[in-house]
Amino acid sequence: MNERILKKCILLVICFASILASAQNSSTITGVVKDTNGIVLPGVNVILEGTNSGTATDFDGNYTINASSKDILVFSFLGYQTTKQVVGNNTTIDIILEEDAAQLDAVVVVGYGTAKRSDLTGALTSVSSKDFDKQPLSDVSQALQGRAAGVQVSQTSGAPGGDFKIRIRGANSITGGNDPLYVVDGQFVSISTVNVNDIQSMEVLKDASATAIYGTRGANGVILITTKKGKPGKAKISVDMFTGISSVTQRLDLMSAAEFAEGVNFVEGVDPNQPNPFYTTEEIDALRASGGQDWQERLLKTGYTNNFQISASGGSEKMDYYISGNYYDAESTVINQDFKRLNLRSNFNAKLSDKIKVGLNFNLGQEETNGFKADIGRGLAWDPTTPAFNEDGDYNFNSIKNVATSNTNPLVGAQNNIRENTTDRLSVNGYFNWDVAKNLVLNSSLGLVRTERDNNAYDPLISSSIGVAFLENTSISNLFNTNRLTYSIDINENNSLKIDAVHELVVNKSNSTDITASNFFTDVVTFKDLSAANIQVVENSESNRDLESFLGRINYSLMDKYLLTASLRADGTSVFQKNKWGYFPSASLAWKVSEENFIKNIETINNLKFRVSYGKVGNQGINPFGTRARAVLGADINYPFDGSITTGVAPSNRVSNPDLTWETTEQINVGADLGLFNSAITLSLDYYKKNTSDLLLDTQLPEFVGPTRKFVNAGEVENKGFEITLGTRILRKDNWSINSTLNLSSNKNKVLSLNDDVEFIEIGSNVDSPISPTRVEVGLPISTFRGYIFEGVYQIGEEAEAALFNRVPGDAKYRDINGDDAITTDDITKVGDGNPDFVWGWNWDVSYKNWNLNFLITGSQGNDIYNFARARLMGLGAQQFHAVHGDYRNRWTPTNPSNIPSGTDGTQTISTQFLEDGSYASMKNIALSYNIDAEFLKKIGCSNARVYASVENLFVITNYTGFDPEASASVSNQDAVVGIDFNTFPLNRTLTFGVNLSF
């Protein structure tokens, strides 16, 4: 017994000595782990190699571990390359982990669930917050622009809070909607409700196999947005602040007041030295000395932008939270306009038990736009020889020489008309997730989106002479309920199956009230007391739209090489009377070639996958009463009764069509994904073709019918094209990191047929022209420009030819297409196309130590722009007003045989004279940032700090002569008139300074 005790004591002494020796040779090692972008990584495993001893980084990426100089630390984290580091004599070891695409099997949102990226069978593009968080953005659309192949984002206005137009793989419908569906955390909302700083990731569903699961709502593509959530760990507070200064990217070349006066004298055929000229030599000299009135200087100015964002996040294993608030304030570069936006968001998730999870997302937002938009197109064309104000400080309402447009001084309306537009939005969405049984999960969500929009305006006596008030109130409620049952099973080692069954209900209700009041006796009350007006006209409307859907979907994997996804969705809508239900199937196959033995041995290729898909989606993009005849009343249908006029009622202004049914789009997609050198190079290729038939066309009927409009199913539109995305990890060595992503998309649009075999339909646009510049024609793209072909100016020696067309030298020359020796409407022809041949975006990210340079270049090639802004400034229809554009300096004269019409009569009309190449390349955004040293930050209690400066729209390379080729994307949101520049709001160059702080 004593011997055994002695042996144990000796063993204990030896163990104690060993431990003591080890302790004497070990030391405390600390450090921080970040990714190549300088973002700290919480939860990274830090292990002593060959042991089970270790720790993990905290919420701020910090770790502490005891190790000896001979120990090797192993750093591992899902999605990143495992890194080893010998301790040596170091007490601080900071590590940068590189993404390892070979190990990375990221989970992405695919709609009604998630999937591993490697298991995707459809065409999907992901945009992570890491792709845009280094740039100060104010709109979700900016985060998508240039970063997703097949997605064309056009900034149609430079106004604060201005519109962006997003199209996925072209326009399907002519008069129906072409906007994609936006799904935020499973809820159908407008992206204007989302603060871009709250976004974690975005997935763009492009082919029919991916979008068909949304049936009628996915006809134009789907953009899935996932907002940020909290993570287990201590609370993290982040602050983002930036301020920007804006100016118009480029100004137009306009003549000086003296040059304008000389042009007026020339047009009117007067000599300034002769009696009663429009402008005398002395007046012209005085204008040359003073400079006259610069209307660009009056209407355009320097704008500013301020943004403040604060968020708090954290949680535990049982619950997490994310709360954020954002305030955005911008003043326009056009006078008397400003925009404010407030956003509050909270996301809560809780694990009630091992089987039940719940969550609640809450979003509150308000947008406020103030000020009357100045009419830039007409304002810049106004008389530069007339000062804005007279000597008494009052407006010069009219042109002193009566040589301007028929409009009054452009400052009158811009500075006095009142516009106050406010939009309030409330979004609430909750979910319940229950693991019913092994492999069986029930997910149920319920959401409400409430929108209140008040548009108020008043045109005072000084600008309207009578005082006119406009009030519009619109309330929209959307209720959503989605119930999804998911069964997943690994049948055996080589077979796995996932089945989704979904029921969904969407209820939309809206009502609006419109009031117009006029003949005010005072401006004091504006639109706030309509009783001060002699005339009030009130209109109101209410509509409901319900959609019920059923979806079945299966995902099957064989040997993790051969993948199948198939779905069938049934949608029932209240919009149609008889054909309420539409059925939308889809199927897609993928082959992971890189999992085959004959590829696995090729070290160069780490990923190779082929994809093919087919699907059908629908569109119900008409108003809820589009199929019905509705009684109308108004002053134009009044009738006499008992000696007085009584308000009349007509049966309808629209013919009923109870047989109207779904507009359907069928699409086939073939694609491939390739990863080389451990995904240092990635390539994604897609080719697609989609046909939209039974178009929902809003047709014009002959006047003798009575009602003039009718919705019909007629016509077919084709879109086909290809997409390329190339990602390259150019350098990751020492302190350097250089990454690049290039995407290019090409879409060809063609109208295959129209209603009753007609060859074209007119789609007008407000460009003050008797000839519609666009029309939809069979065999051509939806947006096709029309006009005369401009062939220069009749020169001296061409008098006889000019006389045939009742013209003289100096007049515009147009092609006589039909050869009848007359320029008539029969000589109008197709002259251009507003759709680009291809669009592209190129994103670069360069890091060196604590510095980062991130820039995005975007471009468009092959699209035409009808520059009606220039046409107006050039005096189109010179009988109405005189040219002010700088090109008119080079007008034709007998001694200057140029091809700029002299403007001596109203011979100019819409033609190729004003058609320009809209191709461009733009430095959309460039940002330089610096991450402040962590040791310094610890002293002030800050875990991370980044300061940056950026420039938006730094430069644009283009031959287009307007404000900006991108701002000219459309006179409206209609795709049938894309590419018309008429009174568009110019884009801005914005210099921004900002700081990001984390505590």
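Treat the numbers as computed from the prediction; the structure is a model and nothing was measured.

1. Section: the overall build of the protein
The helix and strand tally for the protein stands at 13 helices and 52 strands. Evaluated residue by residue, the protein yields a buried proportion of 50% over its 999 residues. Here the contacts in the protein between residues at least 6 apart in sequence split such that 68% fall between residues at least 24 apart. Put simply, the protein shows about 44,500 Å² of open surface, and 55% of that area lies on carbon and sulfur atoms.

2. Quick word on the sheet that holds strand β47 (residues 915–917)
Across the sheet, three strands lie side by side as β47-β46-β51; this open sheet has mixed pairing. In this open sheet, the two edge strands, each paired with only one partner strand, are β47 and β51 (980–981). Summarising the sheet, strand β46 (residues 864–867) and β51 pair through two bridges and their orientation is parallel. Paired with Asn-867 across the two strands is Asp-981, which belongs to β51.

3. A look at the environment of Ala-672
Inspection of the secondary structure puts Ala-672 in strand β32 (residues 663–676). Distance from Ala-672 to Lys-609, taken between C-alpha atoms, is 5.6 Å for residues 63 residues apart in sequence. Beyond its immediate stretch of four places on either side in the chain, Ala-672 contacts Lys-609, Phe-610, Arg-611, Leu-683, Ser-684 and Leu-685.

4. Digging into the packing of helix α4 (residues 257–268) against helix α5 (residues 281–290)
One way to put it is that α4 packs onto α5 with a least axis distance of 7 Å and a crossing angle of 155°. In terms of orientation, α4 lies roughly antiparallel with respect to α5. Here Ala-257, Ala-258, Ala-261, Glu-262 and Asn-265 of α4 come into contact with α5, specifically with Ile-284, Leu-287 and Arg-288.

5. Some points on empty space enclosed by the protein
For the structure shown, the criterion picks out eleven cavities of 30 Å³ or more. If you go around the largest cavity, you meet 43 residues; those closest to its centre are Gln-152, Ser-154, Pro-836, Val-839 and Ser-860. Sorting the residues of the lining of the largest cavity by element identifies β11 (151–155), β12 (164–168), β37 (736–753), β44 (838–848), β45 (851–861) and β46 as the ones contributing at least two each. The element that contributes the greatest number of residues to the lining of the largest cavity is β37, accounting for five residues. A per-class count over the lining of the largest cavity returns 15 nonpolar, 21 polar and seven charged. As for the second largest cavity, its lining consists of 32 residues, of which Ser-138, Gln-142, Thr-305, Tyr-328 and Glu-952 are closest to the centre. Among the elements of the structure, β17 (233–248), β18 (303–315), β19 (319–331), β20 (338–351), β49 (944–952) and β52 (988–998) are those that each provide at least two residues to the lining of the second largest cavity. Across the lining of the second largest cavity, the residue classes break down as eleven nonpolar, 17 polar and four charged.

6. Some thoughts on the pairing of strand β15 (residues 199–205)
The element β15 is largely enclosed, with a buried count of six among its seven residues. Looking at chain direction, β15 and strand β16 (residues 222–227) are connected through six bridges and run antiparallel. In the sheet register, Met-202 faces β16, and the bridge partner there is Ile-225.

7. Some words on the side chain of Asp-329
Note that Asp-329 resides in strand β19. Buried within the structure, Asp-329 lacks any salt-bridge partner; Lys-340 is the closest side chain of opposite charge, at an N-O distance of 4.1 Å. A distance of 3.4 Å separates the side chain of Asp-329 from the side chain of Tyr-304, its partner in a polar contact. Look past the residues within four positions of Asp-329 in its chain and what remains in contact with it is Tyr-304, Thr-305, Asn-306, Phe-339 and Lys-340.

8. A closer look at the packing of aromatic side chains
The final tally for this structure, using the stated rule, is 20 aromatic pairs. Members of the aromatic cluster, connected to one another through ring pairs, are Phe-188, Tyr-214 and Phe-480. Positioned over the ring face of Phe-266 is Arg-891, at 5.1 Å from the centre of the ring.

9. Points about the sheet that holds strand β1 (residues 26–35)
Spatially, the three strands line up as an open sheet ordered β4-β1-β7, and their pairing is mixed. A strand with exactly one partner marks an edge of an open sheet, and here the two such strands are β4 (62–68) and β7 (95–97). Going across the sheet, the axis of each strand differs from the next one's by a mean of 35°, ignoring polarity. Here three bridges tie β1 to β7, and the two strands are oriented parallel to one another. Bridge pairing in β7 places Lys-34 opposite Ile-96.

10. Some thoughts on α4
End to end, α4 covers 16 Å across twelve residues, agreeing with the expected 16 Å (1.5 Å per residue, within 8%). Summarising the contacts, the buried residues of α4 are in contact with α5. Following α4 by one or two positions, Gly-269 has its phi on the positive side, about 70°.

11. What to know about unusual backbone geometry
Of note, the phi angle at Arg-169 is positive, near 60°, even though the residue is not glycine. By secondary structure assignment, the location of Arg-169 is in the loop between β12 and β13 (181–184). Look at Ser-679: it is not a glycine, yet its phi comes out positive at around 60°. With respect to the helices and strands, Ser-679 occurs in the loop between β32 and β33 (681–693).

12. A short note on a nonpolar patch on the surface
On the surface, Ile-237, Met-241, Phe-308, Ile-310, Tyr-327, Leu-342, Leu-344, Phe-362, Leu-364, Leu-426 and Phe-999 cluster together into a nonpolar patch covering about 860 Å² of accessible area. Secondary-structure elements contributing two or more residues to the nonpolar patch are β17, β18, β20 and β21 (356–370). Within the fold, Met-241 resides in strand β17.

13. Let's talk about the pairing of β17
Sheet analysis places β17 next to β18, joined by twelve bridges and oriented antiparallel. When the bridges of β18 are listed, Ser-238 appears paired with Ser-311. With eleven bridges joining them, β17 and β52 adopt antiparallel strand pairing. Paired with Ser-238 across the bridge in β52 is Ser-998.

14. A word on the confidence of the model for the protein
Overall, the predicted model of the protein reaches an average pLDDT of 85, with 89% of residues at or above 70. Across the protein, element-level confidence peaks in strand β41 (residues 790–793) with a mean pLDDT of 95 and bottoms out in helix α1 (residues 2–25) with 45. Low confidence marks residues 5–24, where pLDDT is under 50. Its contacts with residues over four positions away, or in another chain, come to zero contacts.

Parameters at a glance
Residues numbered from 1 in each chain as written. Predicted model: local features only at pLDDT ≥ 70, side-chain atom pairs only at ≥ 80, totals over all residues. Heavy atoms only, no water. Helix = DSSP H or I, 4+ residues; strand = E, 2+ residues; numbered from the N terminus. Buried < 20%, exposed > 50% of the residue type's maximum accessible area, 1.4 Å probe, protein only. Contact = heavy atoms within 4.5 Å. Areas by Shrake-Rupley, 256 points an atom, 1.4 Å probe, with all protein chains shown as cover. Pairing = 2+ DSSP bridges. Axes fitted to C-alpha atoms, helices over the stretch in contact; angles between N-to-C directions. Parallel < 35°, antiparallel > 145°, perpendicular 65-115°, else oblique. 1 Å grid on protein atoms, 1.4 Å probe; cavity = no way out; pocket = protein on both sides within 12 Å on 5 of 7 lines; lining within 4 Å. Points joined across faces, edges and corners; volume = space filled by probe spheres on them. Nonpolar A, V, L, I, M, F, W, Y, C, P; charged D, E, K, R; others polar. Lys, Arg positive; Asp, Glu negative; His and termini not counted. Salt bridge = Lys/Arg side-chain N within 4 Å of Asp/Glu carboxyl O. Polar contact = N/O pair within 3.5 Å; in protein donor to acceptor, adjacent residues only side chain to side chain. Phe/Tyr/Trp six-rings, centres within 6.5 Å; stacked < 30°, edge-to-face > 60°. Lys NZ or Arg CZ within 6 Å of the ring centre and 35° of its normal. Expected span 1.5 Å × (residues − 1). Patch = residues over 30% accessible without salt bridge, like charges linked within 9 Å, V, L, I, M, F, W, Y side chains within 5 Å. pLDDT = per-residue confidence, 0-100.

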